[in-house]
Amino acid sequence: MSEHGLLLAGGAAGIAAAFNTPLGGVMFAIEELSRRPEQRSSGLLLAAIVLSGLMAVSVYGNTTYFGVIHIENLSMALLLPGLLVTVCCGLAGGLFARLLVVSLSGSSADAFTRFRQSAPVRFAAACGLAVAVLGVVSQSATYGSGYGHTRALLEGHGDAAPLFMPLKFIATWLTTWAGVPAGIFAPSLAIGGALGNDIALLTGYVNAPTLIALGMTGFLAAVTQAPMTSFIIVMEMVDGHGLVLSLMASALVASGVSRLVSAPLYASLAALQLRRVPQVS
């Protein structure tokens, strides 16, 4: 088996086990890691997902990541709030991806980039202090992946503080900029879900979990520019089969809006890493 096949299998298995989303793992491997399905890798890919899924289920149980959301009868009342969530997530997710690419590339000549290049340990310490301050301001809500906050919102008894979304956005960016990223998927879901909840409050839409799910899908699709992966992952996470078309539309539009703001995140980061590899003459 080639190194590329092992890379696909490992990435897919990680997504499938982390979120209990086997279909999302398959689609992530095809859409983001390889960009095309390959018959030679399909057996290894599925085997890795099955084994990692069994291990995760044996430890955590066979439950959906965010539980089950209750979807009321969808109507045209969802159109405007859903479109607002999708466009806002597309813009915010594109901005987030662009910030990560610009920050990590070191191509900017600003004082922060020079500080990061000349004193990386002190820069990381300053970022850590800033993240800690954001956590204190948010009453610890921005610490971690944001899973607890998002699940509470979906269950209808979470803190609807409007500052969570921008504070989590900044905290995730600073953490990645410091050089110690804790992942992109889970924080993106938390940021998008919070944005969806904020718009539900702003527009008075009665079924907030629907907009939260659309926000999670839209922001993740905007950051990764992988719409199929995003809608499948969220659908599996919330058992949201009744929202399939809405989640698909949100992922597609948000990803398209993001492309107006930023280049694809993972492809850009991979290119940065390849430029740092010493060239063998």
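Asks: Sorry if this is basic, but what is going on with the overall build of the protein here?
Replies: Counting secondary structure elements, the protein contains 13 helices and zero strands. Counting helices and strands in the order they occur from the N terminus, the protein gives α-α-α-α-α-α-α-α-α-α-α-α-α. Here the protein, with 281 residues, has 48% of them falling under the buried criterion. The long-range share in the protein, meaning contacts at least 24 apart out of those at least 6 apart in sequence, stands at 77%. For the protein, the exposed surface amounts to about 13700 Å²; the carbon and sulfur share of it is 69%.

Asks: Explain the nonpolar core here, please?
Replies: Across soluble globular proteins, you tend to see nonpolar side chains buried next to one another. Phe 96, Phe 219 and Leu 247 are the most contacted members of the largest nonpolar core, which totals 54 residues. Listing elements by their share of this core, those giving two or more residues are helix 4 (79-105), helix 6 (120-137), helix 7 (147-154), helix 8 (164-177), helix 9 (185-203), helix 10 (208-224), helix 11 (227-238) and helix 12 (244-259). Tallying contributions element by element places helix 10 first for this core, with 10 residues.

Asks: Just to check I follow, could you spell out the packing of aromatic side chains for this structure?
Replies: The relation between two aromatic rings is expressed through the spacing of the ring centres and the mutual angle of the planes. Counted by the stated rule, this structure contains six aromatic pairs. Ring centres 5.0 Å apart and planes at 75° place the aromatic pair Phe 123 and Trp 177 in the edge-to-face group. In this pair, Phe 123 sits in helix 6 while Trp 177 sits in helix 8, placing the two residues 54 residues apart along the sequence. Aromatic ring contacts, followed pair by pair, group Phe 112, Phe 115, Phe 123, Trp 173 and Trp 177 into a single cluster.

Calculation rules
- Residues numbered from 1 in each chain as written.
- Predicted model: local features only at pLDDT ≥ 70, side-chain atom pairs only at ≥ 80, totals over all residues.
- Heavy atoms only, no water.
- Helix = DSSP H or I, 4+ residues; strand = E, 2+ residues; numbered from the N terminus.
- Buried < 20%, exposed > 50% of the residue type's maximum accessible area, 1.4 Å probe, protein only.
- Contact = heavy atoms within 4.5 Å.
- Areas by Shrake-Rupley, 256 points an atom, 1.4 Å probe, with all protein chains shown as cover.
- Core = buried A, V, L, I, M, F, W, Y, C linked by side-chain atoms within 4.5 Å.
- Phe/Tyr/Trp six-rings, centres within 6.5 Å; stacked < 30°, edge-to-face > 60°.

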